[in-house]
Amino acid sequence: MSRCCVKTGVVGWGAYIPLYRLRSKEIASLWGFDPNVADSIWIEEKSVASVDEDAITMGWYAAKYALVRGGVNPEDVGAVFVGTESKPYAVKPSSTVIADALGISRKKLATDLEFACRAAAEGIRLAVALVSSGSIKYGLSIGSDTAQASPGDVLELTASSGAVAFLIGPAEESVAVFEGLTTYVTDTPDFWRREGSKYPSHGEGFTGEPAYFHHIISSVTMLLEELGLKPSDFDYAIFHQPNGKFPLQVGRALGFPKEKITPGLVTPWIGNTYNASALLGLAKVLEIAKPGQRILVAPFGSGAGSDAMSLVVTDKVLDRVHKAPTVEELINRKKYVSYAEYAKSRNLILRNVG
Amino acid sequence: MKHSISIFWRDRENHYKLLITKCRNCGKSSYPKLKRCPYCGSTNVEVVESKGRGTLVNYTITYFRVDGSEAMLPKVIGLVKLDEGVKVPAEIVDVPDLSSLKPGLEVEAVLRKYSSDDPHGLIYYGLKFIPSIIKKQ
């Protein structure tokens, strides 16, 4: 076991996926994309947050059920981290609204983290460090995004909404125990959103090899070397999912077969939920994993960085799965909306207000 | 309509939680949080938080426009009987089909946006209800 995560694990997890779905082929047709573009990146439909939802409301739901699954009193949580790149306020924390609404102790650390799609993974690392050092008993890391995409940008095919939360605590209470954590970050301009810009920009093909693939391969390789493990030692491998194709490609490059990756895939059916993307995959896998199985999860965030984590599932997972909505249930709960309804919900229509 | 920030902030506990008054004198429960039992007048009461689950009693639909939530119309306003036994008026959202709104429908409380002063103003959050994602065992 790595020294970074001594005797810590995931005590509870919660997920949230909005009810509404928009078919990617409708977006492609509206904006005149090649009809095969959605299939080429394996994206069938994406989740759409309702007009009254945002990163705070979705994060609240996921965090609520992380606490329910963990059976932990909110008063005992000592840190709340919210990883998001779609904060409802540029200045005013989301973490304090969620914590107060859940009745979490006022004696706590609380902050919003930003590192594109991997801020919530950094929140997990921070919570692990705080629990591991004995500074707090439980820490909550929430990944929640209403991902933005400029209308007509290819990014619009995938940018979606969702949230996930992980309650980190002592190993003896955990459903999965951390074995090791590594992080690899560099200055890489693959995707960004400037101050005051409503939509992000991206470096087209530059988002692939030098960004997504290089960083995930680097963090995972470091982890395998540190722990002395091989891809064959893992039962599941979950990678950040900007689309359905990239995680299979990066898994193949690292030596993980498709069968170990597909159980954790969510993006083809709900889109890229940014900070919730890979971590929703981890939640989905925890809901089917058996005690003793080993899971690799490697989120990625543009800018760029990747975290690789190895977890071993305990027998406590079995009775906690059905204490809250599962990812599978949330994926299957859906209602299709038109592009016009999506545009209204996501505030893409300019109008006079106030 | 601009809200009073200070009034909303002072009352935020009632927007974020379903707080029920339980009377230690007559044993009845009521909503919202009160200092005196509305049934027997006793001040020997305790406040407990509802688990946020219940069933729909009935509903109506409103098209009334209020500044800051125009995009949320029309709204389904329901009466929910909480599992703790008290009834709460609340907005019902994420209704896939109005024909699914029948008395007895299981619902759960969720945090949602109520309204926003304007694109630069404060966002007001509070509880609404959705059809339950997890059904009772």
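Quantities reported herein were computed from a predicted structural model and do not represent experimental measurements.

Draft legend 1. A look at helix 10 (residues 277-286) of chain A. With 10 of its 10 residues buried, helix 10 of chain A lies for the most part within the structure. All buried positions along helix 10 of chain A are accounted for by Ser-277, Ala-278, Leu-279, Leu-280, Gly-281, Leu-282, Ala-283, Lys-284, Val-285 and Leu-286 of chain A.

Draft legend 2. Fine view of the pattern of salt bridges. A complete count under the given rule lists 17 salt bridges over all chains for this structure. Of the charged contacts in the structure, one is a salt bridge between Arg-118 of chain A and Glu-122 of chain A, with a shortest N-O distance of 2.2 Å. According to the relative accessible area criterion, Glu-122 of chain A is partly exposed, its value standing at 34%. The partner of Glu-179 of chain A in a salt bridge is Arg-294 of chain A, with the nearest N and O atoms 2.8 Å apart. Of the two residues, Glu-179 of chain A is situated in strand 8 (residues 176-185) and Arg-294 of chain A in strand 12 (residues 294-298); the sequence distance between them amounts to 115 residues. Judged on exposure class, the residue Glu-179 of chain A and its partner Arg-294 of chain A are both buried. Three or more residues joined by partner-sharing salt bridges are found here, namely Asp-52, Glu-53 and Arg-333 of chain A together with Glu-91, Asp-94, Arg-112 and Lys-128 of chain B.

Draft legend 3. Just the pairing of strand 8 of chain A, in detail. Residue and element names in this part refer to chain A. By the criterion of burial, strand 8 is predominantly enclosed, with 7 of the 10 residues buried. Taken together, the 2 bridges between strand 1 (residues 8-16) and strand 8 define a ladder with antiparallel strand orientation. Considered in strand 8, the bridge of Val-10 is made with Ala-176. With 9 bridges joining them, strand 8 and strand 14 (residues 305-313) adopt antiparallel strand pairing. Bridge assignment links Thr-182 to a residue of strand 14, and that residue is Ala-308.

Draft legend 4. Local environment of the nonpolar core. All names here are of chain A. Counting 102 residues, the largest nonpolar core has Phe-166 and Phe-178 as the members making the most contacts within it. A per-element tally of this core places helix 3 (residues 55-70) first, with 9 residues. What Phe-166 contacts, discounting residues up to four positions off in sequence, is Val-10, Gly-12, Trp-13, Ile-124, Gly-139, Leu-140, Ser-141, Leu-279, Leu-282, Ala-283 and Leu-286. Counting residues in each nonpolar core, the second largest holds 24 residues, with Ala-211, Phe-213, Ile-261 and Ala-304 among its members.

Draft legend 5. Just the interface of chain B and chain A, in detail. Each partner contributes to the interface: chain B provides 31 residues, whereas chain A provides 33 residues. Here chain B and chain A share an interface that buries about 2,500 Å² over both sides, 57% of which is from carbon and sulfur atoms. The tally of links from chain B across to chain A stands at 5 salt bridges. Close ionic contact of Asp-52 of chain A with Arg-112 of chain B constitutes a salt bridge, the shortest N to O distance being 3.0 Å. Linking chain B to chain A there are 13 residue pairs in polar contact (both at pLDDT 80 or more). Looking at the side of chain B that touches chain A, the elements with two or more residues in it are helix 2 (12-16), strand 7 (106-116) and strand 8 (123-131) of chain B. If one sorts the elements of the side of chain B that touches chain A by residue count, strand 7 of chain B sits on top with 6 residues.

Draft legend 6. Region of interest: unusual backbone geometry. In this structure, Ala-304 of chain A follows Gly-303 of chain A across a cis peptide bond, with omega equal to 10°. With respect to the element layout, Ala-304 of chain A can be found in the loop between strand 13 (300-301) and strand 14. Cis geometry marks the peptide bond from Leu-73 of chain B to Pro-74 of chain B; its omega dihedral reads -10°. Turning to its location among the elements, Pro-74 of chain B is positioned in the loop between strand 4 (53-62) and strand 5 (75-82). One non-glycine residue, Asn-347 of chain A, lies in positive phi territory at about 60°. Tracing the backbone through its elements, the reader meets Asn-347 of chain A in the segment after helix 12 (339-345). Even without a glycine there, the phi angle at Asp-94 of chain B is positive, about 55°. Mapped onto the secondary structure, Asp-94 of chain B falls in the loop between strand 6 (87-92) and strand 7. A relative accessible area of 5% means that Asp-94 of chain B is categorised as buried.

Draft legend 7. Structural context of the packing of aromatic side chains. Residue and element names in this part refer to chain A. Under the definition given, this model contains 15 aromatic pairs over all chains. On the numbers, 4.9 Å between centres and 55° between planes, the contact of Tyr-16 with Tyr-61 is tilted. Residue Tyr-16 is located in strand 1, and its partner Tyr-61 is located in helix 3; the two are separated by 45 residues in the primary sequence. There is no split in this pair, since Tyr-16 and Tyr-61 are both buried. Summarising the aromatic geometry, the rings of Tyr-212 and Phe-300 are spaced 5.7 Å apart at their centres and angled 70° between planes, so their arrangement reads as edge-to-face. Here Tyr-212, found in helix 6 (residues 208-227), pairs with Phe-300, found in strand 13; they are 88 residues apart in sequence, far enough to count as distant. By relative accessible area, Phe-300 is classed as buried at 4%. Taken together, Tyr-16, Trp-60, Tyr-61 and Tyr-65 form an aromatic cluster joined through their ring pairs. A cation over an aromatic ring shows up here: Arg-118 above the ring of Phe-115, its NZ or CZ 4.3 Å from the ring centre.

Parameters and conventions
- Residues numbered from 1 in each chain as written.
- Chains lettered and ligands numbered in written order.
- Predicted model: local features only at pLDDT ≥ 70, side-chain atom pairs only at ≥ 80, totals over all residues.
- Heavy atoms only, no water.
- Buried < 20%, exposed > 50% of the residue type's maximum accessible area, 1.4 Å probe, protein only.
- Helix = DSSP H or I, 4+ residues; strand = E, 2+ residues; numbered from the N terminus.
- Salt bridge = Lys/Arg side-chain N within 4 Å of Asp/Glu carboxyl O.
- Pairing = 2+ DSSP bridges.
- Core = buried A, V, L, I, M, F, W, Y, C linked by side-chain atoms within 4.5 Å.
- Contact = heavy atoms within 4.5 Å.
- Buried area = accessible area lost by both parts, 1.4 Å probe.
- Polar contact = N/O pair within 3.5 Å; in protein donor to acceptor, adjacent residues only side chain to side chain.
- Phe/Tyr/Trp six-rings, centres within 6.5 Å; stacked < 30°, edge-to-face > 60°.
- Lys NZ or Arg CZ within 6 Å of the ring centre and 35° of its normal.

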